[in-house]
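Fold and geometry: a report
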Amino acid sequence: MVAPPAGSRPGWSRRAQYGLFFGLLATIAGVVVGLLLLALSIIAPSSYASVRGVALDVTAPLTGSLRAVTSTVGGLASGAGNYWDAARQNGDLRRANRAMLQRMVEAKAIQLENAQLKAALQLREQSRVAVATGRIVGSSYESPRRFAVLSVGYRDGVQVGMPVRSAGGLIGRVIEAGRFASRVLLISDRANIVPARLLRGGLPVLSTGRGDGTLDIRPLEVGRNPFKVGDLLVTSGTGGLYPPLIPVARIVRLDDDGAVAIPLADPASASFAIVERPFEPLAEQAPPPPPTPPPVVKKVNPTAGAARP
């Protein structure tokens, strides 16, 4: 391969020289035009104003196009900024709404708990056989065996066999009593039978748990179905355990010779419960018979009727 002569210059150098030359010519031309316009504005201001008008007419479309492009770019930038700002504000509003909703739920829960506590306290004030008031700390309302746990035990006076109720109605009876807690057999358990009666008419019935959260209601008189949907049941006091007139359940469905009811007191939603003493009806005592007078003893004179010597 033959090397280029030492005195030759590459093509890119010639192009650079041409660019510098034409740039110098444009600069000189611009300076000359500027000087001419300056001289024209001094010598003939009216002619200079005409030239400025022609220049304005020539450059107006280009200026308008540039302004439209600038406005469009500015609008896009401003719109994007507004969009992101709106998205940020929406996110802040959603977080504020969630926080407000959480506070509303907490306030509603506190209000509901306060109402239940107030009802339980009023119920205890009205009940003359109340032993203790405790919080329902757990329940197996959705399992086959139906139990609830109260936060009171035998140190509070709770004993096995005591009935438990809430402001809504009867819950069950105590089957285990620890020092600080007790276990309650719910009325919806199969092993719990509650003597009750219809609030409408006072017909005596038996309520037995079905193990699924409902109660099986059967009348004592076989052969007819006296129940109606919506009938309310209360305790009858028979058996000496549950006090009378405690709300028990509401009938929701009729059976062949009975009905199905749901308990009015739901341990899953109740917060407090009251333990009461077992109900013992006072036996009617007959008035004691009047005291019998002591028998009259006649004294006999031993000398009376004796023969004279």
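Use the structure listed above.
Presented here is a report on the structure given in the accompanying data block. Fair warning: this is a prediction, and the values are worked out from it, not measured in the lab. (Residues numbered from 1 in each chain as written. Predicted model: local features only at pLDDT ≥ 70, side-chain atom pairs only at ≥ 80, totals over all residues. Heavy atoms only, no water.)

Overview of the overall build of the protein chain
The condition that has to hold: Helix numbering and strand numbering both begin at the N terminus, where a helix is a DSSP run of H or I of at least 4 residues and a strand a DSSP run of E of at least 2. Relative accessible area decides the class of each residue, using a 1.4 Å probe on protein chains only: under 20% of the type maximum gives buried, over 50% gives exposed, and in between gives partly exposed. Residue contacts follow a heavy-atom distance rule, with two residues in contact if any of their heavy atoms lie within 4.5 Å. Residue-level accessible areas treat just the shown protein chains as cover; the underlying method is Shrake-Rupley with a 1.4 Å probe.
Summing up its helical and strand segments, the protein chain has two helices and twelve strands in all. Along the protein chain, helices and strands appear, N-terminal first, in the series α-α-β-β-β-β-β-β-β-β-β-β-β-β. The buried share among the 309 residues of the protein chain stands at 25%. Across the protein chain, every contact between residues at least 6 apart in sequence was considered, and the portion connecting residues at least 24 apart equals 57%. For the protein chain, the accessible area works out to roughly 21,200 Å², and carbon and sulfur atoms hold 62% of it.

Topic: unusual backbone geometry
Phi is positive for Leu-245, which is not a glycine, with a value near 70°. Here Leu-245 lies in the loop between strand S9 (232-235) and strand S10 (247-254). In this structure Leu-245 comes out as exposed when scored by relative accessible area, which is 53%.

Describing a nonpolar patch on the surface
Threshold: For patch detection, residues must exceed 30% relative accessible area and be free of salt bridges, and they are connected within 9 Å for like charges or within 5 Å for nonpolar side chains (Val, Leu, Ile, Met, Phe, Trp, Tyr). Every case where a carboxyl oxygen of Asp or Glu lies within 4 Å of a side-chain nitrogen of Lys or Arg is listed as a salt bridge.
A grouping of Tyr-18, Phe-21, Phe-22, Leu-24, Leu-25, Ile-28, Val-32 and Leu-36 is seen on the molecular surface, where their side chains present a nonpolar patch of about 830 Å² in accessible area. Residue placement: Val-32 occurs in helix H1 (residues 11-43).

Regarding the environment of Ser-207
Residue placement: Ser-207 occurs in strand S7 (residues 204-209). Along the sequence, Ser-207 and Arg-218 sit eleven residues apart, while their C-alpha atoms lie 6.7 Å from each other. With near-sequence residues (within four places) excluded, Ser-207 lies in contact with Asn-192, Ile-193, Val-194, Leu-215, Asp-216, Ile-217 and Val-248.

A closer look at the pairing of S10
Basically, it comes down to this: Paired strands, in this sense, are two strands between which DSSP finds at least two bridges.
With three bridges joining them, S9 and S10 adopt antiparallel strand pairing. Across the sheet, Leu-233 pairs through a bridge with Ala-249, a residue of S10.

Section: the sheet that holds strand S11 (residues 259-263)
The condition that has to hold: Note on method: axes are straight lines fitted to C-alpha atoms, helices fitted across the in-contact stretch only, with angles between N-to-C directions ranging 0 to 180 degrees.
Reading around the circumference, S6-S7-S8-S11-S10-S9 is the order of the six strands in this closed barrel, with antiparallel pairing throughout. The sheet shows a mean angle of 40° between the axes of neighbouring strands, direction not considered. Here three bridges tie strand S6 (residues 193-198) to S9, and the two strands are oriented antiparallel to one another. Bridge pairing in S9 links Arg-197 to Val-234.

Quick look at the pattern of salt bridges
On inspection of all chains with the given rule, the structure shows ten salt bridges. Asp-231 is the partner of Arg-200 in a salt bridge, and the nearest nitrogen-oxygen pair spans 2.6 Å. On the criterion of sequence distance, the pair formed by Arg-200 in the loop between S6 and S7 and Asp-231 in the loop between strand S8 (215-219) and S9 is long-range, its members being 31 residues apart. Counted as one network, the salt bridges with shared partners bring together Asp-216, Arg-218, Asp-255 and Asp-257.

Considerations on the sheet that holds strand S12 (residues 272-276)
The strand order around the closed barrel built from six strands is S1-S2-S5-S4-S3-S12, with neighbouring strands paired in antiparallel fashion. With strand direction ignored, the average angle separating the axes of adjacent strands in the sheet is 40°.

Structural notes on the packing of aromatic side chains
Stated precisely, the cut-off is as follows: Here is the rule: rings of Phe, Tyr and Trp (six-membered ring for Trp) pair when centre to centre is within 6.5 Å. Planes less than 30 degrees apart are stacked, more than 60 are edge-to-face, and the remainder are tilted. When the NZ atom of lysine or the CZ atom of arginine is within 6 Å of a ring's centre and also within 35 degrees of its normal, the charge is said to sit over that ring.
In total, this model carries zero aromatic pairs according to the counting rule given. When the ring centre of Phe-147 is taken as reference, the NZ or CZ atom of Arg-183 above it lies at 5.6 Å.

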